[in-house]
Amino acid sequence: MDLEFNKKVSEIKAKISIVKVISKYLNLIQKGNNFWTICPFHEDSAPSLSISESKQIYKCFACGEQGNVFIFLQKFKNISFINALKEAAESASINLKEYDINLNDNIIEPKTNPLITINNTAMQFFSYQLLTDSGKKAMNYLEFRNINSDAIKNFNLGYAPSNNELRDYLRAQGYKDSNIINLGLAKINNNDQVIDSFFNRIIFAIKDNNGNCVGFSARSYLEDDKSAKYINSPQSQIFKKGNILYNFEQVKLHLKKDDTIYLTEGFMDTIALSTINIKTSVALMGTNLTQEHIILLKKATNNIIIFLDGDIPGKLACLKIATVLLSQNFKVQIINNNTKYDPDELINKHPNQFKNIIASTIHPFEFAINLGLTQNDIKKDSYQLNAFLKSLLPIWETMTDIVTKRFYLNHLVTITNLTINDLTQILLLEKPLHKETIISKPVISNYQKPQTRLVTKNKIIEAQKQLIFLVLMSRDVYVILEKEKFIFPHQDYMTLYFLISQIYQNETIKYIDFRTIINELQTNLLLDTLQTIINQYKDKEFDLKPRIIIDYLKIINNELIEYEIRGINEQLKNETNLTTQIQLLKQISLLKTKIKQ
């Protein structure tokens, strides 16, 4: 760009409010002269992105991402500079024609990935086929499922005919068989012939966040079809299922009216919700919630409603997802679906039940209590009561609001007839003291496995703190923990580890400077925890040999098991029922087999 062009851009930028532009996509909170929000460029758990109206810049104090309004739009929306300029100017009602800027030639847009071009072509082909005579039965099926023409158009639903028509059409457009096969649109049969992958099926187009078609899911719809219900595109250069939420590209357009995202399981659930004017629903498409999904959701909103199937697997999936989201500081509600139906079935076959259910969102911990009570008869014996309380722990540990905790603690007193002190001890409500006896540290010259018998809870806490310190000291420790798929039992330390692991994504980083990470976490709630760890161990000597790091992992694993065994032994002392005693002894035997030598 020449100097004249840069001058014009600077003049335009001076008339644009960066706060106004960013607030279109992120929820901003004003603190002093600046605005703060969750950073969309890394997996942020507390507002760390600062926006300065006076300086017209933004900066994340956790990941270091910074720039002006144009850079934000380019990175956030993955668009060119010219398109960012257009959007920013539009927000300020600036007519770019008055600046005599060539909006077509200054920036050359990167060429569209040829694989995306093929998929977009295939999507148009499938959409057309649904409107033909050959697609009439498929269209009738969609109408039977109450999917109207608007939904068909908005979601780019289509039909895959027989007789290799897609293969022939793509070949006629000049596309190579190798690319068509790599995308999963065609395959090679036993006779070495290239044939279509999808025959006589309804097609769901799967799009990335920019609206490009990156994959497909093909659904059977005929009653006599005994093949798999869904056939999906394989993972490819452009399609990573764990990176995509179905319908997310459209949801972004509706969040200004409703800043809550409904999280569902499948395509039909999300489409059915759209037909009753709930436009902010996305589907996981049968996958687990991934970190990539969390990043997408954080870019959009902090408010999530989970709406899955009403059967036991669906309820367990609700709790698993809610636990992850709560640990990332989302505001989560669960639709209390006590039927055996999925959202699509409720909307189309049981509308009266649906009206009651959609209005009954509850906190995930209440949902966990309700589910736990259906699976455990807590009045029968202490074994069932113990199992019930243990089922609540994952959700409980993610809850940070003391009012919410006290509310449900009192609720549990009523349900279980236990005292608050009993429940407090069981649910680990009391935080461990900072000044605890530490495990004998591994020293280079005379390392020995810890022999001092400590209170188990303290020992586990100290082992985790030392591991966090060692991860900061060496990338090699991080590599070991990743290989072992280690999970820190304490939520705060797991969150710290997650933040550290993001830094190590840069493979050139061999260790993390203490001052650097402290500066980056200035606005993070875990800053004090990290500083305490660093101050406690910075003057101590450690051996970073892999076998010693593995010993730490064994310590934590074994102490957790022994802690659980001691709890069961306490139950045995007071248990008089022979059957229950046998059950408890079996639990102890099973736990002992998990102790690592």
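Here the structure is a predicted model, which is why all the values come from computation and not from measurement. The numbering scheme is per chain: residues are counted from 1 as the chain's sequence reads. Restriction of local features to residues with pLDDT of at least 70 applies here, the model being predicted, together with a cutoff of 80 or more for giving and counting side-chain atom pairs; totals for whole chains, interfaces and linings are based on all residues. Based on all heavy atoms of the structure, the side-chain values leave hydrogens and waters out of the count.

Trainee: Which residues make up the overall build of the protein, and what are the values?
Mentor: Strands are runs of DSSP state E lasting at least two residues, helices are runs of H or I lasting at least four, and both sets are numbered from the N terminus onward. Looking only at helices and strands, one finds 26 helices and 16 strands in the protein. Accessibility here uses a 1.4 Å probe with only protein chains present; expressed as a share of the type maximum, an area under 20% marks a residue as buried, one over 50% as exposed, and anything in between as partly exposed. Residues classed as buried in the protein amount to 49% of the 597 residues present. A separation threshold of at least 6 residues defines the contact pool for the protein, and within that pool the share at least 24 residues apart is 65%. Each accessible area is a Shrake-Rupley result for a 1.4 Å probe, and residues are judged covered by the shown protein chains and nothing else. When the accessible surface of the protein is split by element, carbon and sulfur atoms take 50% of a total near 30500 Å². Contacts are assigned to residue pairs with any non-hydrogen atoms lying within 4.5 Å of each other.

Trainee: Lay out unusual backbone geometry with the relevant residues and their values.
Mentor: If you check the backbone angles, Q56 has positive phi at about 55 degrees while not being a glycine. Judged by relative accessible area, which is 13%, Q56 ranks as buried. Positive phi, normally seen in glycine, also occurs at N277, with a value near 75 degrees.

Trainee: A description of the environment of L319 should follow, citing residues and the corresponding values.
Mentor: Tracing the backbone shows L319 in helix α13 (residues 312-327). In the structure, L319 is positioned 15 residues away from I334 in sequence and 8.7 Å away in space, judged by C-alpha atoms. When near neighbours in sequence (up to four residues on either side) are disregarded, L319 contacts P364, F367, A368, L371 and I395.

Trainee: Which residues make up the confidence of the model for the protein, and what values do they have?
Mentor: The quantity known as pLDDT measures the predictor's confidence residue by residue, on a range of 0 to 100. Confidence in the prediction for the protein averages 82 pLDDT; 90% of positions are at 70 or higher. Segment residues 104-111 is flagged for pLDDT under 50; beyond a separation of four residues in sequence, or across chains, it makes nine contacts in the model. For the stretch residues 429-456, pLDDT sits under 50, and the model shows 61 contacts to residues farther than four places along the chain or on other chains.

Trainee: Go over the pairing of strand β10 (residues 213-219), please, and point to the residues and values.
Mentor: Most of β10 sits out of view: seven of its seven residues are buried. We treat two strands as partners when DSSP finds at least two bridges between them. Bridging between strand β9 (residues 201-207) and β10 involves six bridges; their strand directions are antiparallel. Residue pairing in the sheet places I202 in a bridge with R219 of β10. Where β9 folds back on β10, the antiparallel hairpin that results is connected by five residues, among which G211 adopts a positive phi of roughly 85 degrees. Relative to strand β11 (residues 230-232), β10 is paired through three bridges, and the arrangement is antiparallel.

Trainee: Which residues make up the side chain of N336, and what values do they have?
Mentor: Along the chain, the position of N336 falls in the loop between β15 (331-335) and α14 (343-349). Classification of N336 as buried rests on a relative accessible area of 18%. Contact partners of N336, with chain neighbours within four places excluded, come to I357, S360, I362, F367 and N370.

Trainee: Give a detailed account of the side chain of R145, specifying residues and quantitative values.
Mentor: Tracing the backbone through its elements, the reader meets R145 in the loop between α6 (136-144) and α7 (149-154). Judged by relative accessible area, which is 17%, R145 ranks as buried.

Trainee: Outline the nonpolar core, supporting the account with residue identities and numerical values.
Mentor: Among the nonpolar cores identified, the biggest contains 47 residues, and I261, L263, I306, L325 and F365 are the most heavily contacted of them. Sort the elements by how many residues they give to this core and helix α17 (residues 382-396) lands first, with seven residues. Dropping the residues within four chain positions of it, I261 is found in contact with F248, V251, L255, T280, V282, L297, A300, T301, N303, I304 and I305. For this analysis, a nonpolar core means a set of buried residues of the types Ala, Val, Leu, Ile, Met, Phe, Trp, Tyr and Cys, connected via side-chain atoms within 4.5 Å. Grouped together as the second largest cluster of nonpolar side chains are 46 residues, I118, F198, C213 and M268 included.

Trainee: Just give me the short version of the sheet that holds β15, but keep the residues and values in it.
Mentor: Here we have five strands laid out as an open sheet, ordered β13-β12-β14-β15-β16, and mixed in their pairing. The open sheet has two free edges, formed respectively by β13 (281-283) and β16 (361-362), since each of these has just one partner strand. Bridging between strand β14 (residues 303-306) and β15 involves four bridges; their strand directions are parallel. For I306, the partnering residue across the bridge sits in β15 and is I334.

Trainee: Give me the pattern of salt bridges: which residues, what numbers.
Mentor: Only one rule defines a salt bridge in this text: a Lys or Arg side-chain nitrogen within 4 Å of an Asp or Glu carboxyl oxygen. Counted under the stated rule, the structure contains six salt bridges. Note that D344 is salt-bridged to R145, the shortest N-O span being 2.2 Å. Remark: R145 occurs in the loop between α6 and α7 and D344 occurs in helix α14; sequence separation between them is 199 residues. One salt bridge connects R171 with D177, and the closest N-O pair in it is separated by 2.8 Å. Residue class for D177 comes out partly exposed when judged on its relative accessible area of 25%.

Trainee: Tell me what's going on with helix α22 (residues 491-503), and back it up with residues and numbers.
Mentor: By this rule the span expected of a helix is its residue count minus one, scaled by 1.5 Å. When the terminal C-alpha atoms of α22 are compared, their 19 Å separation across 13 residues agrees well with the 18 Å that a helix rising 1.5 Å per residue should span. Of all the positions in α22, only Y493, T495, L496, Y497, F498, L499, I500 and S501 are classed as buried.

Trainee: Any chance you could break down the packing of helix α16 (residues 364-375) against helix α18 (residues 402-416) for me, citing the residues and the numbers?
Mentor: The description of two packed helices rests on the angle between their axes and on the distance between the axes. To get an axis, fit a line to the C-alpha atoms, keeping to the stretch in contact for a helix; angles then go from 0 to 180 degrees between the N-to-C directions. Running from N to C, α16 and α18 point in directions that differ by 15 degrees, and their axes come no closer than 11 Å. In terms of their interaxial angle, α16 and α18 are classed as roughly parallel. Note on packing geometry: the crossing formed by α16 with α18 is right-handed. Taken together, the residues of α18 that come into contact with α16 (itself represented by F365, E366, I369 and L373) are Y408, H411, L412 and I415. Partitioned by chemical class, the residues of the contact of α16 with α18 number six nonpolar, one polar and one charged. Throughout this description, any angle smaller than 35 degrees is read as roughly parallel, any larger than 145 degrees as roughly antiparallel, any in the 65 to 115 degree range as roughly perpendicular, and the remainder as oblique. When the near helix sits turned anticlockwise from the far one by under a right angle, the crossing is termed left-handed; a clockwise turn instead gives a right-handed crossing. Here the term charged refers only to Asp, Glu, Lys and Arg, the term nonpolar to Ala, Val, Leu, Ile, Met, Phe, Trp, Tyr, Cys and Pro, and the term polar to all other amino acids, Gly among them.

Trainee: Give me the environment of K207: which residues, what numbers.
Mentor: Mapping K207 onto the fold places it in strand β9. For the pair K207 and Y246, spaced 39 residues apart in the sequence, the C-alpha separation amounts to 7.1 Å. Beyond its immediate chain neighbours, meaning those up to four positions away, K207 contacts M123, N154, N156, N212, C213, V214, I244 and E249. A distance of 2.3 Å separates the side chain of K207 from the side chain of N156, its partner in a polar contact. Whenever a nitrogen or oxygen atom comes within 3.5 Å of another N or O atom, the pair is scored as a polar contact, on the condition that within protein one atom can donate a hydrogen and the other can accept it, and that pairs from neighbouring residues in sequence are kept only if both atoms are in side chains.

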